[in-house]
Each structure stands twice: as structure tokens, then as C-alpha cells.
Amino acid sequence: MNKNSNKADVIAIDGPAGSGKSTTAKILARKLGFLFLDTGAMYRALTLKAMRQGIDLDDEDALKRLVDNTSVRLSNRDGKLHVLLDGEDVSREIRSAEVSRNVARVAAKGAVRERMVQLQREFAETGSVVAEGRDVGTVVFPDAKLKIFLVASIEERARRRMRETDSAARLQEMMADLKKRDEADSLRDHSPLVKAEDAIEVDTTGLTIEQQVNLIAQLWEKKKK
Ligand code: DC
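Computed from a predicted model, the values in this text were never measured in an experiment.

For strand S4 (residues 80-85), a buried count of five out of six residues is recorded, marking the element as mostly surrounded by other parts of the structure. With antiparallel pairing between neighbouring strands as the criterion, strand S3 (residues 72-77) and S4 make up a hairpin whose turn holds two residues, including Asp78 at a positive phi of roughly 45°. The pairing of S4 with strand S5 (residues 88-89) spans two bridges and is antiparallel. Directly across from Leu84, in S5, lies its bridge partner Asp89. Between S4 and S5, which pair antiparallel one after the other, the connecting turn spans two residues, and Asp86 there sits at a positive phi close to 45°.

Detailed conclusions should not be drawn from predicted coordinates in areas where pLDDT is low. Model confidence for the protein is summarised by a mean pLDDT of 92, while 95% of its residues fall at 70 or above. Considering only residues more than four positions removed or in separate chains, one finds that residues 1-5, a stretch of pLDDT under 50, has four contacts.

This next bit is on the packing of helix H2 (residues 39-52) against helix H5 (residues 110-124). Viewed as axis vectors pointing N to C, H2 and H5 meet at an angle of 130°, and their least axial separation amounts to 11 Å. In terms of orientation, H2 and H5 fall into the oblique class. The element H2 and its partner H5 pack so that their crossing is right-handed. The segment H2 lies against H5, with Thr39, Met42, Tyr43 and Leu46 engaging Val112, Arg113, Met116, Leu119 and Gln120. Taken together, the residues of the contact of H2 with H5 break down into six nonpolar, two polar and one charged.

Conventions and cut-offs
Residues numbered from 1 in each chain as written. Predicted model: local features only at pLDDT ≥ 70, side-chain atom pairs only at ≥ 80, totals over all residues. Heavy atoms only, no water. Buried < 20%, exposed > 50% of the residue type's maximum accessible area, 1.4 Å probe, protein only. Helix = DSSP H or I, 4+ residues; strand = E, 2+ residues; numbered from the N terminus. Pairing = 2+ DSSP bridges. pLDDT = per-residue confidence, 0-100. Contact = heavy atoms within 4.5 Å. Axes fitted to C-alpha atoms, helices over the stretch in contact; angles between N-to-C directions. Parallel < 35°, antiparallel > 145°, perpendicular 65-115°, else oblique. Left-handed = near helix turned anticlockwise from the far one by under 90°. Nonpolar A, V, L, I, M, F, W, Y, C, P; charged D, E, K, R; others polar.

In C-alpha cells:
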């Protein structure tokens, strides 16, 4: 057993795209001195490798072989998260539009998820973590001490995405795109996006990042007592 396994804490933050998970989790982790576990980044890294190798993203067997022969590591360095794919820093490449378009197909495969969940749990053995994703409170860390389910109105989420990605897309298009993603994440067979029974729902519509972080930090303080 890892020497930290009795001490390490997990804060699990799930929610749909654009709900503010990543930014909130990153800042909260820094504030609490926890590691930041961006599970989506891991699915993105594998997707990048599959695309580079020209693998059919609907071929589950091929993806299983790929994931079994791939190292995906996250490293929190200089206040930043670095994503290492077979040792190569791909932190920037995994945010490309092509990867964003394809990642849901890869993340929907059971064999891929099984291995990723294993890696995510191993990561959490190295210290306390703020983990964010779609299934971190339900599947990856069902015993997390604090579970948050972040939501926001679709319009607000679309506005945030447009700002973040510097996108020229129109609001209506972005909203339609988010709706499609929500459906894909919520209706898939493996680990769909659902709120864990014991998660606290936080609606971030109209909140600043600072307010979101402070709210969750307060919930954490209460939980710890
Ligand atoms: O949060 P993100 O946009 O980086 O996530 C990328 C994709 O990975 C998105 O399609 C949802 C999926 N994902 C997942 O299925 N499970 C997770 N724990 C995290 C992300």
C-alpha cells in the first residue's frame, strides 16, 4: 500500500463542458496545495496519439492495443500542468480543434476508460488531488471526501467557450455544439456524465472564477471538520 493512501484527500469535480471545471479545479488545487488531475487531458493525449498513427477511432480493439502500449503522465510543474505522452510534452497539441473534435469517440470506449481510470487512481496515490472530469465522483473516486457537480446555463457556457477558444463561431452555433457534446457525454454506455448521489451541485451561472473557487474551498473546510 502506498504510504500516502491513508492521508491523501480527493476533491472530485464533474460537470459538462464549459461549466468551469478546469479553471476552478486548477486554481483550487493551487490554493489548497493539492495536485491537479485533469482527466480529460489524458483522454486527449491518447486521442492525439491515435490520430498521429491514423488509427480508426471506432476500432475498440486497436484503441485497446494502443492504450496498453502508451504512457500518459501528468506532471504539476512551475504551477502548470504538463501532459506527457510517451515522455513527449503535448500540453499544447492536445488542445487543438482536431483533438477536441475526436476525443469523445476515444473516451467512449470501455477498454480505454478502464486503463485511464487505473492511471488516474495511481496518480492520486502520490498525494492529495483535485480531480476533474465527467466520472471522477462516480467511477474513479467513489469515496472522494468532497464531490462537486458544476453546472451553468447553456448560454453562459457557450459564451465562456467562445472567450476561451477565441472562436469566431456564433453563439447559437456554440450552444448547439455544447448540446451535442452534453448528449454524447450523458448518453454513452460507459461512465456517462451523471451527478453522483452524494455530490453537491454548484450552479456557476453569474459567478466569477474567484467566487466559484471560494465557494468550493468553503465547502471543503466544512467537510474537513
Ligand atoms: O474536459 P475535456 O474537454 O478536456 O474532456 C475531453 C473529452 O474527454 C470530452 O469528450 C469528455 C471526455 N472525458 C471523459 O469522458 N471522462 C473524463 N473523466 C474526462 C473527460
